[in-house]
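These are the residues of each chain, in order.
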Number of protein chains: 2
Amino acid sequence: MRLLFPALAESSEVYLDSASTTQKPAAVIAAVQGYLGARTANSGRGTYSWATRITRDIEQVRRRTAVFVGAHPDEIVFMPGATAGLNAVTLSWGLANLRDGDEILYSPRDHASTVYPWLHLRDILARFGRRIRLIPYRITELGEADTDDIAAKLSSRTRLIAVAHLHHVFGALNTLEELRGRLDPAVLLCFDCTQSGGHVPIDVAELGADFAVLSAHKMFGAPGTGVLYCSRRVHERLDPFLPGGNSGVEANSVADMPDSSLTPGPMPERLEGGTHNIPGILALGAALDMLGQIGIAAIAEHNRLLTRQLIDGLRPLPGLELSPGPAHAPCDIGYGTVTFTLRGIDSTDLGFVLADSGFLVRTGAHCVPRPSPGSVPQSADDDSVRVSTHIYNTDDEIDRFVRCVGTIAREVRP
Amino acid sequence: MRLLFPALAESSEVYLDSASTTQKPAAVIAAVQGYLGARTANSGRGTYSWATRITRDIEQVRRRTAVFVGAHPDEIVFMPGATAGLNAVTLSWGLANLRDGDEILYSPRDHASTVYPWLHLRDILARFGRRIRLIPYRITELGEADTDDIAAKLSSRTRLIAVAHLHHVFGALNTLEELRGRLDPAVLLCFDCTQSGGHVPIDVAELGADFAVLSAHKMFGAPGTGVLYCSRRVHERLDPFLPGGNSGVEANSVADMPDSSLTPGPMPERLEGGTHNIPGILALGAALDMLGQIGIAAIAEHNRLLTRQLIDGLRPLPGLELSPGPAHAPCDIGYGTVTFTLRGIDSTDLGFVLADSGFLVRTGAHCVPRPSPGSVPQSADDDSVRVSTHIYNTDDEIDRFVRCVGTIAREVRP
């Protein structure tokens, strides 16, 4: 498996940072190279075959992506990334639809890309005298969204619940299924599937998602491409997003333009102004093919086994504390992410020592919104070591990693 | 020269659509492949060497880009594209700073990416009861922004003038130098340098630009990456743009977050939330190196000669009408773009015939905001053939192209 990923094939390091970005299979690299190196053209514009072929290829990837998440092709919007996708939700839906007093439920311990767009939207609306409320909900010690807390905080003004499908630090899966049937259908659900994409099956219908975002570079694709799923249910409520060439937006008339509004174009073009990231989208297509060949179920099982191996290996080490997540669950779950701290050594320093030993992990605050300078860190996710695995990691690598952490743990033991 | 561009080296077609996207040199393809195929990591996050090297490389491209346009590195913002860059101007500056009655001067005959963001911003502001006015200015028969018309339309409420540095259909250069000294320094200038980047030297200080955007894929780079120049003069007035991980935005406190505003981070991170398009930015670096090696002056002279050859060859053909642009200028100027129509044949059909003969050109409305369905086309840019050249085109290609158009012109002559 490692041989399918050129960067791994030629290195001796153990890559345990797939939650930051995955390594790229040869087929993905070939797709990018194929575009840049042969018959390069722009999409959706030219009428000659170099251009029309690319337009066709992009729509093929759109259909492929739709199948991947169980959606219709017109519900799949290509984005510059997952962050842009989440901002499209706040700007295209939120800015156009939220009224004074409306409420959004969110977790302040989610990734900044899930949190900041809402804070930013609230600031924009406040400037115009419109107040929305961002209601934080709790995370359980399993690292999961606390659905009881969410249920308790629902009100007649709740408009949307933002949730990480798979949490980027805690590695816990959230489907909100406990809320199924208890939610007013008018309450929209926005799933950040950045970490779950390529790790577990995603079915937007089963999730009841109105919005969902994917990050291509975290599922074997290239940085610069994300996917925003927008359910047809919400299409007519969406404003254009970053409009430009090919965004399908029609001014009412050139002559009238000084005084006329933009008429939103059809979906998904309404949210896709400007030139597509063509190599990025073609890379996503190749990545989805590769995920399909390996099988998401096989990846999920592989990651589950490695996660359990990590948890079982790390748990007994002296001074080691496992962050909220599957490590605290009564059953053998796990999705490829384990986070921990080690007493006696700062996580950043621990990361350096691990890197020196050939283990590449992520350390620090993991893009969780940080407290202001000077305040006391409030939880392990403020400074911790995150280990994240994927299909190319082996049990031998995990074994060596656990032994390395064990050696360090014994050395730094106060 | 053609051999440096793999897609051209292996094809017999004549690529005359560089204003849509340029072909990619081998060095650019190698930069992308080098990232995807070796030591892939995320930037600005990990502390291990795979990651820190990429963070360093990206900042190196930022410095390289700053030198390219005569700016400081903190004035260079990486964007998903030029369209996103122009929308960042409207959302980060416009939405935060425009007041009731403020005015923006723009050309409705510019690219949709320069026009639609303003129409969209006006719609957003109008929703909150804030009215801004978009004042259209004229284009001369040389295809240039009519500076007399702009001067006549300036008022005490003018806040910004949006202009295409090099027009994407007319191929005319706009520096607004005739307005130098006549403009209130409080009036901001936003230059769309999408077409001029890599064609003519760009010096943001000389242009007096407050904002300027570049499109990497139109200057030998890859789609999915643009550059937004923001003068330090305007930094403190900018809101965050699409905030997320690494956007440098600090919530005042995690505990306070439910009620606190986002504190904008430093520039340029304030406008750069989320994972960078790393391969796209590295490709831009390689593209700038390549442009530097060839020399912008050499490219400009090459395009000027090819443009004149096109104009001189096309002008005498029966039924051929040259759109506004350098063709109508009294002196021998030209920047690589010539647009025309041919009586007796629809431009789209003409494009197909040309493609059959191996000449790849752009036809149609060229992303100029379209009139509403059913209305009469108002100008040649509603439906025309655009020929655009670059360093890899030869005078022999232009010669063959002109002869081909000549043959068609004689065949369709009524």
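The shown structure was predicted, so the numbers you read here are calculated from the model rather than taken from an experiment.

Asks: What is the right way to look at the domain arrangement of chain A in this model?
Replies: Many structure descriptions define interface size as the accessible area lost when the parts assemble. Residue and element names in this part refer to chain A. Each assigned domain of chain A is listed here: domain 1 (2–16 + 296–412) and domain 2 (26–291). Computed from C-alpha atoms alone, the centre-to-centre distance between domain 1 and domain 2 is 29 Å. Contacts between the two partners involve 27 residues from domain 1 and, on the opposite side, 28 residues from domain 2. Both sides of the domain 1 and domain 2 interface together cover about 2,400 Å² of buried area, and 65% of this is carbon and sulfur. At the surface where domain 1 touches domain 2, the tally comes to 0 salt bridges. Where domain 1 packs against domain 2, one counts 5 residue pairs in polar contact (both at pLDDT 80 or more). Ranked by the residues each element gives to the side of domain 1 that touches domain 2, the list is headed by helix 10 (residues 296–314), at 4 residues. When its residues are assigned to classes, the side of domain 1 that touches domain 2 shows 15 nonpolar, 9 polar and 3 charged.

Asks: Please clarify how the packing of aromatic side chains should be interpreted in this entry.
Replies: Aromatic ring pairs are reported here in terms of the distance separating the ring centres and the angle at which the planes meet. Applying the stated criterion to the full structure yields 19 aromatic pairs over all chains. On the basis of an interplanar angle of 40° and a centroid distance of 6.4 Å, the ring pair of Phe 220 of chain B and Tyr 392 of chain B is categorised as tilted. One end of the pair, Phe 220 of chain B, is in the loop between strand 7 (211–215) and strand 8 (226–230); the other, Tyr 392 of chain B, is in the loop between strand 15 (384–388) and helix 12 (395–412), with 172 residues separating them in the sequence. Each member of the pair, Phe 220 of chain B as well as Tyr 392 of chain B, carries the same accessibility label: buried. Every member of this aromatic cluster is reached through a ring pair, and the members are Phe 5, Phe 220 and Tyr 392 of chain A.

Asks: In this structure, what is going on with the side chain of Ser 231 of chain B? I would like to understand it.
Replies: Within the secondary structure, Ser 231 of chain B is located in the loop between strand 8 and helix 8 (232–235). Ignoring sequence-local partners within four residues, the contact set of Ser 231 of chain B consists of Glu 75, Ala 209 and Asp 210 of chain B.

Asks: I would appreciate a short explanation of unusual backbone geometry in the present structure.
Replies: A negative phi holds for most residues other than glycine; trans holds for most peptide bonds. In the segment running from Met 267 of chain A into Pro 268 of chain A, the intervening peptide bond is cis, with an omega of 5°. Within the element layout of this structure, Pro 268 of chain A appears in the loop between strand 10 (262–263) and helix 9 (278–294). One non-glycine residue, Leu 242 of chain B, lies in positive phi territory at about 45°. With relative accessibility at 7%, the residue Leu 242 of chain B sits in the buried group.

Asks: Just to check I follow, could you spell out the nonpolar core for this structure?
Replies: Proteins that are soluble and globular tend to have nonpolar side chains buried together. If you look at the biggest cluster of nonpolar residues, it comprises 128 residues, and the most contacted ones within it are Ile 161 of chain A together with Ile 161 of chain B. Counting 78 residues, the second-largest nonpolar core is a separate cluster that includes Leu 228 and Cys 230 of chain A together with Ile 104 and Leu 188 of chain B.

Asks: What should I look at first to understand the sheet that holds strand 3 (residues 103–106) of chain A in this one?
Replies: Each strand in a sheet pairs with another by means of backbone hydrogen bonds, the pair being arranged parallel or else antiparallel. Residue and element names in this part refer to chain A. Pairing within the open sheet is mixed, and its 7 strands lie in the order 2-8-7-6-5-3-4. Here the strands that pair on one side only, and so sit at the sheet edges, are strand 2 (76–79) and strand 4 (133–136). Across the sheet, the axes of successive neighbouring strands diverge by a mean angle of 20°, strand direction being ignored. Note: strand 3 against strand 5 (residues 158–164), 3 bridges, orientation parallel. Of the residues in strand 5, the one forming a bridge with Leu 105 is Ile 161. Across the face of the sheet, helix 3 (residues 49–69) comes into contact with strand 2, strand 7 (211–215) and strand 8 (226–230) while running at roughly 115° to strand 2.

Asks: What is the right way to look at the relation of the copies chain B and chain A in this model?
Replies: Here two copies of a chain appear, and what relates them is a rotation about an axis with a shift along it. For the pair chain B and chain A, the superposition axis carries a translation of 0.0 Å, the fit reaches an RMSD of 0.0 Å, and the rotation angle comes to 180°. Expressed as an axis order, the relation between the two copies is that of a two-fold axis. When the interface residues of chain B are mapped onto chain A, 100% of them again fall at the interface, so both copies present the same face.

Asks: Before we go on, may I ask you to explain the interface of chain B and chain A in this structure?
Replies: On the chain A side, the residues contacting the 100 residues of chain B number 100 residues. Counting across the interface, chain B meets chain A through 2 salt bridges. A salt bridge links Asp 239 of chain A to Arg 127 of chain B, with the shortest nitrogen-to-oxygen separation between them at 2.9 Å. For the pair chain B and chain A, the number of links is 23 residue pairs in polar contact (both at pLDDT 80 or more). It is helix 5 (residues 112–127) of chain B that provides the largest number of residues to the side of chain B that touches chain A, a total of 12 residues. Its residues assigned to classes, the side of chain B that touches chain A shows 50 nonpolar, 35 polar and 15 charged.

Asks: Honestly, the sheet that holds strand 12 (residues 337–342) of chain B in this entry has me stumped. Any pointers?
Replies: Residue and element names in this part refer to chain B. With antiparallel pairing, 4 strands are arranged side by side in an open sheet as 11-12-15-14. The open sheet has two edge strands with one neighbour each: strand 11 (320–322) and strand 14 (362–364). Along the sheet, successive strands turn relative to each other by an average axial angle of 30°, direction set aside. The sheet contacts of helix 12 involve strand 11, strand 12 and strand 15, and relative to strand 12 the element is tilted by about 15°.

Asks: Can you walk me through the pattern of salt bridges in this structure?
Replies: One side chain can pair with another of opposite charge once the charged atoms of both are near each other. In total, this model carries 34 salt bridges over all chains according to the counting rule given. Of the charged contacts in the structure, one is a salt bridge between Arg 232 of chain A and Asp 74 of chain A, with a shortest N-O distance of 3.1 Å. With a gap of 158 residues between them, Arg 232 of chain A in helix 8 (residues 232–235) and Asp 74 of chain A in the loop between helix 3 and strand 2 connect regions that are remote in the sequence. The class of Asp 74 of chain A is partly exposed, set by a relative accessible area of 25%. With a closest N to O distance of 2.6 Å, Glu 397 of chain B and Arg 2 of chain B form a salt bridge.

Asks: Explanation requested: the pairing of strand 6 (residues 188–192) of chain A in the structure shown.
Replies: Two faces belong to every sheet, and in a regular strand the side chains alternate between them. Residue and element names in this part refer to chain A. Within strand 6, 5 of the 5 residues are buried, leaving the element largely enclosed by the surrounding structure. Alternating positions in strand 6 separate into two faces, Leu 188, Cys 190 and Asp 192 on one and Leu 189 and Phe 191 on the other, with burial throughout. Two strands pair when backbone bridges link them, and strand 5 and strand 6 are joined in this way by 5 bridges, in the parallel orientation. Across the sheet, residue Leu 160 finds its bridge partner in strand 6, namely Leu 188. Relative to strand 7, strand 6 runs parallel, the two being bridged by 3 bridges. For Asp 192, the partnering residue across the bridge sits in strand 7 and is Val 213.

Asks: Hey, could you run me through the environment of Glu 236 of chain A in this one?
Replies: By the secondary structure assignment, Glu 236 of chain A is in the loop between helix 8 and strand 9 (250–251). Sequence-wise, Glu 236 of chain A and Trp 93 of chain A are 143 residues apart; in three dimensions their C-alpha atoms are separated by 9.8 Å.

Asks: I tried to follow the side chain of Arg 386 of chain A on my own but got confused; where do I start?
Replies: Residues and elements named next belong to chain A. Mapped onto the fold, Arg 386 is located in strand 15 (residues 384–388). One polar contact links Arg 386 to Ser 20, side chain to side chain, over a distance of 3.1 Å. Leave out the neighbours within four places in its chain, and Arg 386 touches Leu 16, Asp 17, Ala 19, Ser 20, His 168, Val 169, Thr 337, Val 338, Thr 339, Val 361, Arg 362 and His 366.

Asks: Looking at this structure, how should I read the environment of Arg 410 of chain B?
Replies: All names here are of chain B. Along the polypeptide, Arg 410 turns up in helix 12. On the basis of relative accessibility, which here comes to 54%, the residue Arg 410 falls in the exposed class. Sequence separation between Arg 410 and Arg 343 is 67 residues; the distance between their C-alpha atoms is 10 Å.

Asks: Would you mind showing me how to read the confidence of the model for chain A here?
Replies: Detailed reading of predicted coordinates is not advised where the pLDDT is low. All names here are of chain A. On average, residues of chain A score 92 in pLDDT, and 94% of them reach the 70 mark or higher. Note that pLDDT drops below 50 for residues 372–381; the model gives that stretch 15 contacts with residues more than four away or on any other chain. At the level of chain-chain contacts, confidence expressed as ipTM amounts to 0.95, with global pTM at 0.95.

Asks: How should I be thinking about the packing of helix 3 of chain A against helix 9 of chain A in this particular structure?
Replies: Between two packed helices, the angle of one axis relative to the other and the distance separating the axes together describe the packing. Residue and element names in this part refer to chain A. Closest axis-to-axis distance for the helix 3/helix 9 pair is 9 Å, and the angle between their directions is 40°. With respect to helix 9, the axis of helix 3 lies oblique. For the crossing formed where helix 3 meets helix 9, the hand is left-handed. Here Ile 54, Asp 57, Ile 58, Val 61, Arg 64, Thr 65 and Phe 68 of helix 3 come into contact with helix 9, specifically with Ile 278, Ile 281, Leu 282, Leu 284, Gly 285, Leu 288, Asp 289, Leu 291 and Gly 292. Taken together, the residues of the contact of helix 3 with helix 9 break down into 10 nonpolar, 3 polar and 3 charged.

Asks: For this particular structure, what's the right way to read the packing of helix 4 (residues 82–97) of chain B against helix 5 of chain B?
Replies: Residues and elements named next belong to chain B. Between helix 4 and helix 5, whose axes approach to 9 Å, the crossing angle comes to 30°. By the angle class used here, helix 4 and helix 5 are roughly parallel. In this structure, helix 4 meets helix 5 at a crossing whose hand is right-handed. Where helix 4 approaches helix 5, its residues Thr 83, Leu 86, Asn 87, Val 89, Thr 90, Leu 91, Trp 93, Gly 94 and Leu 95 are matched on the opposing element by Ser 113, Thr 114, Pro 117, Trp 118, Leu 121, Ile 124 and Leu 125. Classifying every residue of the contact of helix 4 with helix 5 by side-chain character gives 10 nonpolar, 6 polar and no charged.

Here is what the cut-offs are and how they apply
Residues numbered from 1 in each chain as written. Chains lettered and ligands numbered in written order. Predicted model: local features only at pLDDT ≥ 70, side-chain atom pairs only at ≥ 80, totals over all residues. Heavy atoms only, no water. Domains from an automatic or database assignment. Contact = heavy atoms within 4.5 Å. Buried area = accessible area lost by both parts, 1.4 Å probe. Salt bridge = Lys/Arg side-chain N within 4 Å of Asp/Glu carboxyl O. Polar contact = N/O pair within 3.5 Å; in protein donor to acceptor, adjacent residues only side chain to side chain. Helix = DSSP H or I, 4+ residues; strand = E, 2+ residues; numbered from the N terminus. Nonpolar A, V, L, I, M, F, W, Y, C, P; charged D, E, K, R; others polar. Phe/Tyr/Trp six-rings, centres within 6.5 Å; stacked < 30°, edge-to-face > 60°. Buried < 20%, exposed > 50% of the residue type's maximum accessible area, 1.4 Å probe, protein only. Core = buried A, V, L, I, M, F, W, Y, C linked by side-chain atoms within 4.5 Å. Pairing = 2+ DSSP bridges. Axes fitted to C-alpha atoms, helices over the stretch in contact; angles between N-to-C directions. Least-squares fit on C-alpha atoms with pLDDT ≥ 70 in both. pLDDT = per-residue confidence, 0-100. Parallel < 35°, antiparallel > 145°, perpendicular 65-115°, else oblique. Left-handed = near helix turned anticlockwise from the far one by under 90°.

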